[in-house]
Amino acid sequence: MEFPWTSIYTTNYDNGIEIGLQNIRKKHSPLNNLADPSSPTSGVPVVHLHGFAEAWTNENFERSCILDADSYRNLTGVSNWMERLRSEIERAEIVVFLGFSAADFHLSQVFFNATGLQNKAFFINRPTASPDPDERATQEEFGEVLYTGREAFADQILQILKQDAPKEPPLASFERFVLPETTTSVPPVAAIEDLFIWGKVERSQIKRDWDVGTSDYHVLRDEAAKIVEHLNTRGNIAFVHGDICEGKSLAILGAQIQIARGRPVFQLKHFYSDLLNEVSSIFASYPDAVLVVEGCFALREDRLTALVRQISASEGGMILSARSIATEAESEKLRVIRTIPSASDIRLGKVKGSEVDSLIALIDQIAGWREFSALTLSDRRRFIERDCGGVFPSVLLRLLKSKYVRNAYLAEYNKLSGIDLNDKRMMITALISQE
């Protein structure tokens, strides 16, 4: 039970698995076969395919208890669990069966319909000199058959968990987040100007701001601290959203920097078809990993659903993000996220309090305040809170309209205007390719 299994399915009626999970204080959810597979769960789901004795009543016993061949006729209520089992088998990196019985023909049908099972399935049987030939033939059809027994398998699991350095999973969709180099120097005005005017981010300066707890380079947003706090609980998901240019990516970067000091963080870069398998690989190596998926509504609904369930059942965590306009448009996908109890909405709101003071100091270094007719500190604060409504994009828009910034853009334009037409086209093509 100590191994980071994504899900556990059993044909046993008792609560032996749950007792094991309780003993190691691992969060889990016992599920009877009459439960709805789409219902949100907390921790590792333990699905009782043949029924769960503790969930039985006089009313549901006959529909839930799968005891013999005749009771398989009652499987209509369990068909959705079979489909979920098939889907999870296909996503898993490894599938282990303990005590599989060829008599469970409905399970054999699931295995037959699952793709990619042969190379990752292992059947653990009790040690014997003369295995049942029919049962062995059935198991060999789906995977590798081992006659080592439960005890040897448990010992192997313990040895794996004792290894100091987990195997780095092969990554295509995700990439490992690397902490930026530490800098002790105060950011120059040119670096602040590049951030506010051109959107060029110096990660080492972002890290320095969080290290020393001051907004020397950018505004430390309260939402970044909320993300970190929420993900301190394993299996939690932070859904970060806000309008364009409100600083979602910077807040998430700040959260990543703080989290990565103690836990591995992986960012989604490509939406490949085996994304869910890759997530399983990451958690197999790093059970407490945090995944970051910006622009999450680009995922198909079924894949997003599987992903948030996978995270909520793990010891890890996840940061999702989307623009507010996408949040309003993707109501069904948003519903998927909000049905997960461990998910929390974190909306980047107006700048307020100390954030306003930090923004005043940063803008003062770039363009000064004379163009805004705001000379005193109270005038400047009033400009941000009243004239701009405390909305960060509105402040940026006013800044971009200033004479100072217009001159900066004009200088860049003049650098290009004197360039040969063919060279200019090549430069534009290169910029588009990088974007």
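Draft legend 1. Broad picture of the packing of helix H4 (residues 105–113) against helix H5 (residues 133–142). Across the interface, H4 lies against H5 with an axial gap of 9 Å and an inter-helix angle of 30°. Between H4 and H5, the angle is such that the two are roughly parallel. For the pair formed by H4 and H5, the contact residues are Ser108, Phe111 and Phe112 on the first element and Thr138, Glu141 and Phe142 on the second. Residue composition of the contact of H4 with H5, grouped by class: three nonpolar, two polar and one charged.

Draft legend 2. Looking closely at the pairing of strand S4 (residues 95–98). Alternating residues of S4 divide into Val95 and Phe97, all buried, and Val96 and Leu98, none buried. Where S4 meets strand S5 (residues 121–124), four bridges bridge the pair, whose relative direction is parallel. Residue pairing across strands places Phe97 opposite Phe123, the latter belonging to S5. Handedness of the crossover is the feature at issue here: the chain leaves S4, passes through H4, returns alongside S5, and the resulting connection is right-handed.

Draft legend 3. Representation of helix H3 (residues 79–91) within the structure. When the terminal C-alpha atoms of H3 are compared, their 19 Å separation across 13 residues agrees well with the 18 Å that a helix rising 1.5 Å per residue should span. Burial in H3 covers these residues: Trp81, Met82, Arg84, Leu85, Arg86, Glu88, Ile89 and Arg91.

Draft legend 4. Summary view of empty space enclosed by the protein. Summed over the entire model, instances satisfying the criterion amount to one cavity of 30 Å³ or more. Each pocket or cavity is described by its volume, and for the largest cavity that value is around 110 Å³. What lines the largest cavity is simply Pro4, Trp5, Thr6, Lys26, Val44, Phe283, Pro287, Gln310, Ala313, Ser314 and Glu315. Among the residues making up the lining of the largest cavity, the classes are represented as six nonpolar, three polar and two charged.

Draft legend 5. The sheet that holds strand S6 (residues 144–146), seen in detail. Taken in spatial order, the three strands of this open sheet run S4-S5-S6, and their pairing is parallel. With one partner strand each, in any of the chains shown, S4 and S6 form the two edges of the open sheet. The mean angle between the axes of side-by-side strands here comes to 20°, regardless of whether they run parallel or antiparallel.

Draft legend 6. Inspection of the nonpolar core at higher detail. If you look at the biggest cluster of nonpolar residues, it comprises 45 residues, and the most contacted ones within it are Phe196, Ile227, Ile319, Leu359 and Ile384. Setting aside residues up to four positions removed in sequence, Phe196 forms contacts with Tyr217, Leu359, Leu362, Ile366, Phe392, Leu396 and Leu399. In this structure, Phe266, Leu275, Ala289 and Met318 belong to the second largest nonpolar core, which totals 29 residues.

Draft legend 7. Region of the structure containing the side chain of Ser321. Within the secondary structure, Ser321 sits in strand S11 (residues 317–323). A relative accessible area of 4% places Ser321 in the buried class. With residues up to four places along the chain from it excluded, the contact list for Ser321 reads Phe239, Val240, Ile252, Val293, Glu294, Gly295 and Cys296.

Draft legend 8. Just the pattern of salt bridges, in detail. Taken as a whole, this structure holds 19 salt bridges when the rule is applied. A salt bridge links Glu246 to Arg347; the shortest N-O distance between them is 2.8 Å. Separated by 101 residues along the polypeptide, Glu246 in the loop between strand S8 (237–242) and helix H10 (248–259) and Arg347 in strand S12 (residues 343–347) bring together distant segments of the chain. Across the pair Asp302 and Arg300 runs a salt bridge, and its minimum N-O distance is 3.1 Å. The exposure class of Asp302 is partly exposed, given its relative accessible area of 47%. Overall, Arg300 belongs to the partly exposed group, its relative accessible area being 47%. A cluster of three or more residues bridged by salt bridges with shared partners is formed by Glu83, Arg86 and Glu90.

Draft legend 9. Summary view of the packing of aromatic side chains. If you walk through the whole model with that rule in mind, you get twelve aromatic pairs. With a centroid separation of 5.3 Å and 65° between ring planes, the pair formed by Phe100 and Phe123 is classed as edge-to-face. With Phe100 in the loop between S4 and H4 and Phe123 in strand S5, the pair connects residues that are 23 residues apart, well separated along the chain. Judged by its relative accessible area of 0%, Phe123 falls in the buried class. If you follow Arg176 out to its NZ or CZ, it ends over the ring of Tyr286, 5.0 Å from the centre.

Rules of the game
Residues numbered from 1 in each chain as written. Predicted model: local features only at pLDDT ≥ 70, side-chain atom pairs only at ≥ 80, totals over all residues. Heavy atoms only, no water. Axes fitted to C-alpha atoms, helices over the stretch in contact; angles between N-to-C directions. Helix = DSSP H or I, 4+ residues; strand = E, 2+ residues; numbered from the N terminus. Parallel < 35°, antiparallel > 145°, perpendicular 65-115°, else oblique. Contact = heavy atoms within 4.5 Å. Nonpolar A, V, L, I, M, F, W, Y, C, P; charged D, E, K, R; others polar. Buried < 20%, exposed > 50% of the residue type's maximum accessible area, 1.4 Å probe, protein only. Pairing = 2+ DSSP bridges. Right-handed = clockwise from strand over helix to strand, strands pointing away. Expected span 1.5 Å × (residues − 1). 1 Å grid on protein atoms, 1.4 Å probe; cavity = no way out; pocket = protein on both sides within 12 Å on 5 of 7 lines; lining within 4 Å. Points joined across faces, edges and corners; volume = space filled by probe spheres on them. Core = buried A, V, L, I, M, F, W, Y, C linked by side-chain atoms within 4.5 Å. Salt bridge = Lys/Arg side-chain N within 4 Å of Asp/Glu carboxyl O. Phe/Tyr/Trp six-rings, centres within 6.5 Å; stacked < 30°, edge-to-face > 60°. Lys NZ or Arg CZ within 6 Å of the ring centre and 35° of its normal.

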